[in-house]
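Observations on the three-dimensional arrangement
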Amino acid sequence: MVSTDSSSAGSGAAPSVVSGNWQTNKRLATVWDRGVKSRPVAMVYGAVVFATDNRRMYRHMASAVALPEGTSVLDVPSGGGVVFLGLRPGKRLRYVAADISDLMLDRARAEAGRRGLDFVEFEKADATALPFKDEEFDVVVSYSGLHCVPDPETAVREWSRVLKPGGAVKGSVVVRGASYIPDRFINLWVKLRILDVVTPVEEVRRWFRDAGLRVVRTETSGAILYFELEKPVSKASAP
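Reference entry: report on the structure contained in this document. Keep in mind that what you see is a predicted model, and the values were worked out from it rather than measured.

**Re the packing of aromatic side chains**
Following the criterion strictly, the structure yields 8 aromatic pairs and no others. Judged by centre distance (5.7 Å) and plane angle (85 degrees), the rings of Tyr45 and Phe50 are edge-to-face. A ring pair is formed by Phe84 and Tyr95, whose centres lie 5.9 Å apart and whose planes are at 75 degrees; its orientation type is edge-to-face. Remark: Tyr95 occurs in strand S2 (residues 94-99) and Phe84 occurs in the loop between strand S1 (72-75) and S2; sequence separation between them is 11 residues.

Following this line, the structure appears as structure tokens:
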């Protein structure tokens, strides 16, 4: 069975059945992607399953991509492009959507096409071994995907590696311990190989600290943790 406690994170965990499920299960990818992009569906799902108000998710995503022209952004795992809901055509950004699943990348390409987001690039990538240079991006965004990664602690270290000093990370992740009902749903989604590593909030915060990222702000809404992080500027990299 896929491990759901923090001991599997950062410990050389075996290849994930969950990642494989997102790569091959077209029905799962389609239903999840459509649901998260439909505000009425997402509102009901969030309230019932995770005891959260998903209006926070849409607001948080919109603020994460309200960026100056010329900003370089990595969206990982991008899924089907839910963060694109906060983007507008004509932006002069370098925006890379990266995901391990071709199914999700196909949906993200279609979403970008529908929205006229011709500046978005697409990259098939493992979140724990990103094919990007050190300090390549100004911003990393990661919404509702880290809990599908078999080694999220390594994924967070990869965020830090590819982020420029002074750069920001914004996103969300499912966490345990909010209340009885969300935890029961989390157990079910893990059993069904939809979620992988889901831990309490303090464990997630430890991943951030151990990766050298400063926690600017976190807030929880039910079983969802929203986070804003920063990569400190070292004395060596300061101008």
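**Here we look at the pattern of salt bridges**
For the coordinates displayed, the defined rule picks out 21 salt bridges. Between Arg92 and Glu69 there is a salt bridge whose closest N-O contact spans 4.0 Å. Here Arg92 is found in the loop between S1 and S2, whereas its partner Glu69 is found in the loop between helix H4 (55-64) and S1, with 23 residues between them in sequence. The exposure class of Arg92 is exposed, given its relative accessible area of 65%. Here Glu69 falls in the partly exposed class, since its relative accessible area comes to 48%. Between Lys124 and Asp102 there is a salt bridge whose closest N-O contact spans 3.1 Å. With Lys124 in strand S3 (residues 120-124) and Asp102 in helix H5 (residues 102-115), the pair connects residues that are 22 residues apart, well separated along the chain. Residue classification places Lys124 among the partly exposed positions, given a relative accessible area of 46%.

**Some details on the packing of helix H3 (residues 39-50) against helix H7 (residues 180-191)**
Interhelical geometry of H3 versus H7 gives an angle of 100 degrees and a closest axis separation of 7 Å. For the element pair H3 / H7, the angle class is roughly perpendicular. The residues of H7 that touch H3, namely those facing Tyr45, Val48, Val49 and Phe50, are Ile181, Pro182, Phe185, Ile186 and Trp189.

**Some details on the pairing of strand S7 (residues 224-230)**
On any regular strand, side chains alternate: one points to one face of the sheet, the next to the other face. When you tally the buried positions in S7, you get 6 out of 7 residues, the bulk of the element. Pairing of strand S5 (residues 163-174) with S7, which is carried by 7 bridges, proceeds in the antiparallel orientation. Counted as the bridge partner of Val174 is Ile224 from S7. Relative to S7, strand S6 (residues 214-221) is paired through 7 bridges, and the arrangement is antiparallel. What sits directly across from Arg214, in S7, is Glu230. Hairpin connection of S6 to S7: 2 residues between the antiparallel strands, including Gly222 at a positive phi of 65 degrees.

**Here's the deal with the nonpolar core**
One broad rule of soluble globular proteins: the nonpolar side chains tend to lie buried together. Of all hydrophobic cores here, the largest spans 43 residues; its most connected members are Phe50, Phe84, Leu87, Tyr95, Ile186 and Leu195. No other element matches H4, which puts 4 residues into this core. Each residue touching Ile186, except ones within four places of it in the same chain, is listed here: Phe50, Val174, Val175, Arg176, Leu195, Val198 and Ala223.

**Overview of unusual backbone geometry**
With the exception of glycine, the majority of residues adopt a negative phi angle, and the majority of peptide bonds are in the trans configuration. Each neighbour pair has its own omega, and for Val76 with Pro77 the value is -15 degrees, a cis peptide bond. Relative to the helices and strands, Pro77 resides in the loop between S1 and S2.

**Observations regarding the sheet that holds S7**
Taking strand neighbours across the sheet as the criterion, the 7 strands line up as S3-S2-S1-S4-S5-S7-S6 in an open arrangement whose pairing is mixed. In this open sheet, the two edge strands, each paired with only one partner strand, are S3 and S6. Sheet twist, expressed as the average angle between the axes of neighbouring strands with direction ignored, equals 15 degrees. The pairing of S1 with strand S4 (residues 137-143) spans 3 bridges and is parallel.

Conventions used here
- Residues numbered from 1 in each chain as written.
- Predicted model: local features only at pLDDT ≥ 70, side-chain atom pairs only at ≥ 80, totals over all residues.
- Heavy atoms only, no water.
- Phe/Tyr/Trp six-rings, centres within 6.5 Å; stacked < 30°, edge-to-face > 60°.
- Helix = DSSP H or I, 4+ residues; strand = E, 2+ residues; numbered from the N terminus.
- Salt bridge = Lys/Arg side-chain N within 4 Å of Asp/Glu carboxyl O.
- Buried < 20%, exposed > 50% of the residue type's maximum accessible area, 1.4 Å probe, protein only.
- Axes fitted to C-alpha atoms, helices over the stretch in contact; angles between N-to-C directions.
- Parallel < 35°, antiparallel > 145°, perpendicular 65-115°, else oblique.
- Contact = heavy atoms within 4.5 Å.
- Pairing = 2+ DSSP bridges.
- Core = buried A, V, L, I, M, F, W, Y, C linked by side-chain atoms within 4.5 Å.

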